[in-house]
Amino acid sequence: MIKKYTYGKPFQTESVVVDIAAEKGQPDHGNIDLTAGFSYTFGLEDSDIVYGLGEANRGINKRGYKYISNNADNPHHHEDVYSLYASHNFIIVSGAQTFGLYFDYPSTITFDVGYTKCDELHIFCDSADLDIYVITGDSPYDITKQFRKMIGRSYIPPKFAFGFGQSRWGYKTPEDFETVARKYRENHIPIDMVYMDIDYMDSYKDFTINDDFGDFSEYVENLKKDNIRLIPIIDAGVKIEEGYDVYEEGVANNYFCKRADGSDFVAAVWPGYTHFPDVLNPEARRWFGAKYKILTDAGIEGFWNDMNEPAIFFTPEGVSELKKAMKKFIEKDETVDDVWGISGMAAGVANNPKDYASMYHNVDGEMVRHDKVHNLFGYNMTRAAGEALREISPDERRLLFSRSSYIGMHRYGGVWMGDNKSWWSHILLNIKMLPSMNMCGFLYTGADLGGFGCDTSRDLLLRWLALGVFTPLMRDHSCEGTRNQECYQFEHIEDFRNVIGVRYRLLPYIYSEYMKAALTDDMMFKPLAFEYPDDRIAAHVEDQLMLGNEIMIAPVYTQNAIGRYVYLPEDMLLVRFTADGSVEQTEMPAGHHFVEVPENEVILFVRSGKCIPVVDVAECVADIDKTTMQLIGYKNSSYMLYDDDGYTREYDLEKNCVTLNKK
Ligand code: GLC
């Protein structure tokens, strides 16, 4: 059951797609206090577990820490970071009382989950203008499914987007992209996509292509002949440059965010000074979205939207204040405080709250200060693209994902987890984020495999890929200046070929589970507790996940490990994709086990009485040969396989499902 409570005058985020009448009075669970802003408290029992918050730091169980929804361009995902790129304000308390809470509030809101006081959940924000949804049900899983229905169907990408993609910030010339494609094909490492980071553009101008590419359509087409799609990046900031049509049209039609005095708001990002499209204004959103056609006309079938918190490197106002302070600093004898002060101020010009408070949107003719609706920018930039791509190609799906998001955006695109690092702990963070993301509707998701920042290592990349085999978005991406991270850069290329090959062998299962989850508002990745609610140990396992209804995964995320400890909540079949291409199966009893996992293998566990489809390896999604499909798992089991053409927008669950029986 879902009950809605409205406080003040909430901003309409359009994250919820069903009409629910607001209740009178207060929610049954917890206390609300409106004396200073908005505050919600609930007393936690020792054994309560708190799930949710989507793309957020730390564990599957959010207890013991503090999380702040305030979309941030922060590439340092240390343990003490409160805000990442997204705000997914849905949580579930599971224990003596089990209920879900969704706070539909687009500005900064803090979730203190037993951090300040270990037995108190405290959720608070400055302004008491918000909708709260309280969801009760049989279990956290049931509550999640009710919530998912309430926020609408998750985005569905084309099937090729379930292939592997190679990316790097640093590919610049047409030859760079071709080399990546060629090297993968020459080495027979499966691949479907090569991503284009900002350097494909002319001076980082959105919807332009630098002259080196010549006839871009031809270029795109040539790679497609080899079943490789180019996926370009689009940034939020539109470069200020006379003669650049996107800039000129935006200025002429008042489609950019404004300052208080009505002038266009200016912020520096990669291109230098830019304006931000006012994606909260439906007319501007339509205009910006329509620009994607410039690239789809050239044959492009997918995009990643970036820098859309939006990230601000600095504003002219911020720099001018800094210069004044520097002048004073230069003219006096420095103290320690002066030196730290000026360096702090210089660092503080980026993503400065003062700047977000001096930017405005036009919402139905009313000027709305950006910081009041900050967390909606990435959502609406991606909505602009998603709505436009639907109009441009009504019959065909397009790949689309974003860095920043809010609940509601899951209907238009996926998300990648942003600028992680080549750290072992970030493999674990990747694992933990997956089920929470799914709870909030974000099914098409994955992290930069191998790590974005810092230098990767061969073993780290291999282990991370072995997790990426299971994530819908499977992309190796890295930062300019770091060690080259394409699979062919390392010794024993056959190991990479094998690990990525497993993705293609499992692709019918991954795709089927994704589609079933999307079409029934279900999760693809679940915490073990959602499947084994009475198992006290399973409830606290944070490094293994249920994937679909058939399997459990337990990736290795420790350097130099020869394997790992795995907890089996029931008897399961260990399935090992070995380096020589064979599939070994070992029945294992419920309980604790140490399982050896060489770096060049992928393992998974099939649940009792179930089976999964596995096909022969292919080098791209289009080449997967379904006639090679076999069922791996328990005797006398069956699997409901969903499949479709992979590109139209017709998704008939009944028509597209067949039951496969294993003898
Ligand atoms: C941001 C993105 C990253 C990209 C870089 C350059 O840091 O998160 O993925 O490579 O910008 O465009």
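Naming follows an unreviewed UniProt entry, where the protein chain appears as Alpha-glucosidase of Coprococcus eutactus. Recorded under Sequence similarities (unreviewed entry), the UniProt text for the protein chain is reproduced unchanged: "Belongs to the glycosyl hydrolase 31 family."

Counting its secondary structure elements, the protein chain contains 14 helices and 38 strands. For 663 residues, the compact-globule estimate of 2.2 N^0.38 gives 26 Å, and the C-alpha radius of gyration of the protein chain, at 25 Å, lies within 12% of that figure. Seen through its C-alpha atoms, the protein chain measures out along the principal axes to roughly 75 × 65 × 55 Å. Relative to its full complement of 663 residues, the protein chain shows a buried share of 62%. Contacts in the protein chain between residues at least 24 apart in sequence constitute 73% of all its contacts with a sequence separation of at least 6. Surface summary for the protein chain: the accessible area is close to 24700 Å², and the carbon and sulfur share equals 48%. Of the charged side chains in the protein chain, 66 are positive and 102 negative, and the gap between their average positions amounts to 2 Å.

This part is about the nonpolar core. Counting residues in each nonpolar core, the largest one holds 174 residues, and the members touching the most others are Phe90, Phe276, Leu399, Leu465, Phe470 and Leu506. Among the elements that take part in this core, helix H13 (residues 493-519) stands out by supplying 16 residues, more than any other. Beyond its immediate stretch of four places on either side in the chain, Leu465 contacts Phe164, Leu449, Met474, Cys487, Phe496, Val499 and Ile500. The next biggest cluster of nonpolar side chains, apart from the first, holds 27 residues, and it includes Ala56, Phe99, Tyr105 and Phe111.

Throughout the structure, instances matching the rule amount to 39 salt bridges. Each of Asp73, Asp306, Glu309, Arg403 and Asp419 takes part in salt bridges that share partners, so that together they form one network.

Attention now goes to the sheet that holds strand E4 (residues 49-52). Sheets are built from strands paired through backbone hydrogen bonds, the pairs being either parallel or antiparallel. Strand order across the open sheet formed by five strands is E1-E11-E8-E7-E4, with antiparallel pairing between neighbours. With partners counted over all chains shown, the strands left at the sheet margins are strand E1 (2-7) and E4, one partner each. Averaged over neighbouring strand pairs, the angle between their axes works out to 20° when direction is ignored. Direction of pairing for E4 relative to strand E7 (residues 90-94): antiparallel, over a ladder of four bridges.

Here we come to H13. Here H13 contains 27 residues, and its C-alpha end-to-end distance of 38 Å stays within 8% of the 39 Å for a straight helix at 1.5 Å per residue. Residue Leu506 marks the point of greatest curvature in H13, where the axis turns by about 60°; the proline Pro508 follows within four residues. The buried fraction of H13 is high, at 25 of 27 residues. The positive-phi residue at the C-terminal boundary of H13 is Asp521, with phi of around 55°.

It is worth spelling out the site of the ligand at this point. In the neighbourhood of the ligand, 13 residues make up the surrounding shell, with Asp197, Asp306, Arg403, Asp419 and His477 lying closest. The side chain of Asp419 places a nitrogen or oxygen atom 2.5 Å from an oxygen atom of the ligand. Class assignment for the residues of the shell around the ligand results in eight nonpolar, one polar and four charged.

Glancing now at the packing of helix H5 (residues 282-290) against helix H10 (residues 377-392). Interhelical geometry of H5 versus H10 gives an angle of 60° and a closest axis separation of 8 Å. As for the relative orientation of H5 and H10, their crossing is right-handed in sense. Where H5 approaches H10, its residues Arg285, Phe288, Gly289 and Ala290 are matched on the opposing element by Asn380, Met381, Arg383, Ala384, Ala385, Glu387 and Ala388.

Here the focus is a negative patch on the surface. A cluster of acidic residues, Asp395, Asp645, Glu650, Asp652 and Glu654, forms a negative patch on the protein surface. Turning to its location among the elements, Asp395 is positioned in the loop between H10 and strand E21 (399-402).

For the pair helix H11 (residues 424-439) and helix H12 (residues 458-468), the least separation of the axes is 10 Å and the interaxial angle reads 10°. Compared by their axis directions, H11 and H12 come out roughly parallel. Here Trp424, His426, Ile427, Asn430, Ile431 and Leu434 of H11 lie close against H12, whose contacting residues are Asp459, Leu460, Arg463, Trp464 and Leu467.

Moving on, we come to the pairing of strand E18 (residues 302-306). In terms of burial, E18 is a largely internal element, five of the five residues being buried. Of the two faces of E18, the one lined by Gly302, Trp304 and Asp306 and the one lined by Phe303 and Asn305 are each fully buried. As judged from the four bridges shared by E18 and E21, these two strands associate in the parallel manner. Opposite Trp304, over in E21, you have Phe401 as the bridge partner.

Glancing now at unusual backbone geometry. The peptide bond linking Glu309 to Pro310 adopts the cis configuration, its omega dihedral lying at -10°. Structurally, Pro310 can be placed in the loop between E18 and helix H7 (316-331). Phi is positive for Asn227, close to 60°, though the residue is something other than glycine. Position of Asn227 relative to the elements: it lies in the loop between helix H3 (216-225) and strand E14 (229-235). The exposure class of Asn227 is partly exposed, given its relative accessible area of 24%. Despite not being glycine, Asp364 shows a phi value in the positive range, around 50°.

Calculation notes
Residues numbered from 1 in each chain as written. Predicted model: local features only at pLDDT ≥ 70, side-chain atom pairs only at ≥ 80, totals over all residues. Heavy atoms only, no water. UniProt positions renumbered as here; feature names shortened; annotations may be inferred. Helix = DSSP H or I, 4+ residues; strand = E, 2+ residues; numbered from the N terminus. Rg over C-alpha atoms; globule rule 2.2 N^0.38 Å. Buried < 20%, exposed > 50% of the residue type's maximum accessible area, 1.4 Å probe, protein only. Contact = heavy atoms within 4.5 Å. Areas by Shrake-Rupley, 256 points an atom, 1.4 Å probe, with all protein chains shown as cover. Lys, Arg positive; Asp, Glu negative; His and termini not counted. Charge placed at Lys NZ, Arg CZ, Asp CG, Glu CD. Core = buried A, V, L, I, M, F, W, Y, C linked by side-chain atoms within 4.5 Å. Salt bridge = Lys/Arg side-chain N within 4 Å of Asp/Glu carboxyl O. Pairing = 2+ DSSP bridges. Axes fitted to C-alpha atoms, helices over the stretch in contact; angles between N-to-C directions. Expected span 1.5 Å × (residues − 1). Bend = angle between axes of the 7 residues up to and from the residue. Near = heavy atom within 4 Å. Polar contact = N/O pair within 3.5 Å; in protein donor to acceptor, adjacent residues only side chain to side chain. Nonpolar A, V, L, I, M, F, W, Y, C, P; charged D, E, K, R; others polar. Left-handed = near helix turned anticlockwise from the far one by under 90°. Patch = residues over 30% accessible without salt bridge, like charges linked within 9 Å, V, L, I, M, F, W, Y side chains within 5 Å. Parallel < 35°, antiparallel > 145°, perpendicular 65-115°, else oblique.

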